[in-house]
Amino acid sequence: MRINKRHATDRVRPDYAHVGLLDTTDRELWIARRKFNVTPIRVSHARLLTGGSNTASVADKDRFLCYWYHTPDTGTGLLHGYPIEWDEAHLMVRLDPTWDYRNQTLLSNATDAHRIEQNIEQQYRWGQYIFDSYAQLAPKFPLSWHLIGPRPADSMFYIQRFEATV
C-alpha cells in the first residue's frame, strides 16, 4: 500500500469535512488528517498517497475510490446543477462508469455495456460500504450520500439518508 500516513489516517471521523479514499482491494478507508493548517476537504486525494501532492497525482490512485465528506455548512452551490441542502452533512462518492478498479482497466463505452453496468453496481456497493461506515459512527446531524459521475446523468443524488438521534 502506498498511503502517506503523514497526510492520511485510517481512523474515520464524522466531525470534520475531509476527502477520503477507499482501497478497493482490502476495503480500508483512509481520510485526510486534520493538521498542517489546511482544511482537509481542500486536500487533493493524491496527497494522501506517497508521491502525490495537491498538484500532481500518482498512478497508485487508480486503485482507490475517491470521496468527499462534508459536515453541515461546509459546501455551497449546486452539484452538477442539482440542489444540495448544505446545512446537512453529505458523502459524495466518485462514480467512474468506465474505470474498473479491480482489474485496473478502462472499459470501452461502445463494447462493454454489460461490464459497465456491473462496474457501476460494484461502485454503488463500495459507496454503500463507505456510507455505512460513517452512519455507524452516529454523527450528530443528518447525513446523505450521493454517487457523483462525470456528467449529471451519470450521478445519483440522495441515495440514502442517516437521521441523527437527539
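Described in the following lines is the structure provided in the data block. Along each chain, numbering runs from 1 in the same order as the chain's sequence is written. Given that the model is predicted, a residue must reach a pLDDT of at least 70 before its local features are reported, and side-chain atom pairs must reach 80 or more before they are shown or counted; all residues, however, enter totals for whole chains, interfaces and linings. Excluded from the side-chain calculation are hydrogens and water; included are all heavy atoms of the structure.

1. Remarks on the overall build of the chain
For the purposes of this entry, the term helix denotes a DSSP run of H or I that reaches at least four residues, the term strand denotes a run of E that reaches at least two, and both are numbered from the N terminus. Of regular secondary structure, the chain possesses one helix and eleven strands. Mapped in sequence order, the helices and strands of the chain form the string β-β-β-β-β-β-β-β-β-α-β-β. Atoms counted for the radius of gyration: C-alpha only. Globule rule: 2.2 Å times residue count to the power 0.38. Against the compact-globule benchmark of 15 Å for 166 residues, the chain has a radius of gyration of 16 Å, which places it among compact chains. Once the C-alpha set of the chain is aligned to its principal axes, its extents read approximately 50 × 35 × 25 Å. Among the 166 residues that make up the chain, the fraction classed as buried is 51%. Long-range pairs, those at least 24 residues apart, make up 57% of the contacts in the chain between residues at least 6 apart in sequence. Carbon and sulfur atoms form 48% of the exposed surface of the chain, whose accessible area is close to 8,800 Å². Treating the 20 positive side-chain charges of the chain as one cloud and the 19 negative ones as another, the clouds have centres 9 Å apart. Between buried and exposed lies partly exposed: a residue is buried under 20% and exposed over 50% of the maximum accessible area for its type, with that area taken using a 1.4 Å probe on protein chains only. Throughout, a contact is declared for two residues whenever any of their heavy atoms are within 4.5 Å. Note on areas: Shrake-Rupley with a 1.4 Å probe; residue coverage comes only from the protein chains shown. By the counting rule applied here, Lys and Arg register as positive and Asp and Glu as negative, while His and the ends of each chain are not counted. One atom stands in for each charge, and that atom is NZ of Lys, CZ of Arg, CG of Asp or CD of Glu.

2. Some words on unusual backbone geometry
Within the chain, Arg27 stands out as a residue other than glycine whose phi angle is a positive 60°. Mapped onto the fold, Arg27 is located in the loop between strand 2 (18-23) and strand 3 (28-32). Unusually for a residue other than glycine, Gln104 sits at a positive phi of about 55°.

3. Thoughts on the environment of Trp126
By the element assignment, Trp126 lies in helix 1 (residues 113-135). With relative accessibility at 3%, the residue Trp126 sits in the buried group. The residues contacting Trp126, other than those within four sequence positions of it, are Leu22, Thr24, Leu65, Tyr101 and Arg102.

4. Here we look at the pattern of salt bridges
Salt bridges are identified by distance alone: a Lys or Arg side-chain nitrogen within 4 Å of an Asp or Glu carboxyl oxygen. A complete count under the given rule lists six salt bridges for this structure. One salt bridge in this structure joins Glu88 and Arg161, with 2.5 Å as the shortest N-O distance. You can see Glu88 sitting in the loop between strand 6 (82-83) and strand 7 (89-94) and its partner Arg161 sitting in strand 11 (residues 156-162), a full 73 residues away along the chain.

5. Regarding the pairing of strand 3
Counting buried positions along strand 3 yields four of five residues, so the element is predominantly enclosed. Between any two strands, pairing holds if DSSP finds at least two bridges. Where strand 1 (residues 8-9) lies against strand 3, two bridges are found, and the strand directions are antiparallel. Counted as the bridge partner of Ala8 is Ala32 from strand 3. As paired elements, strand 2 and strand 3 share four bridges and run antiparallel to each other. Pairing of Leu22 across the sheet is with Leu29, part of strand 3. Counting the residues between successive antiparallel strands, the hairpin from strand 2 to strand 3 contains four residues, one of them, Arg27, with a positive phi of roughly 60°.

6. A look at the sheet that holds strand 11
Taken together, seven strands build an open sheet; the order of strands is 1-3-2-4-7-10-11 and the sheet is mixed. The sheet terminates laterally at strand 1 and strand 11, the two strands that pair on one side only. Both strand 10 (residues 143-148) and strand 11 contribute to a ladder of four bridges, which runs antiparallel. Bridge pairing in strand 11 places Leu143 opposite Phe162. Each axis is a line fitted through C-alpha atoms, and for a helix only the stretch in contact is used; angles between axes span 0 to 180 degrees, taken between their N-to-C directions. Set on the sheet, helix 1 makes contact with strand 2, strand 3, strand 4 (64-70), strand 7, strand 10 and strand 11; between it and strand 10 the angle comes to about 155°.

Shape descriptors only; they carry no functional weight alone.
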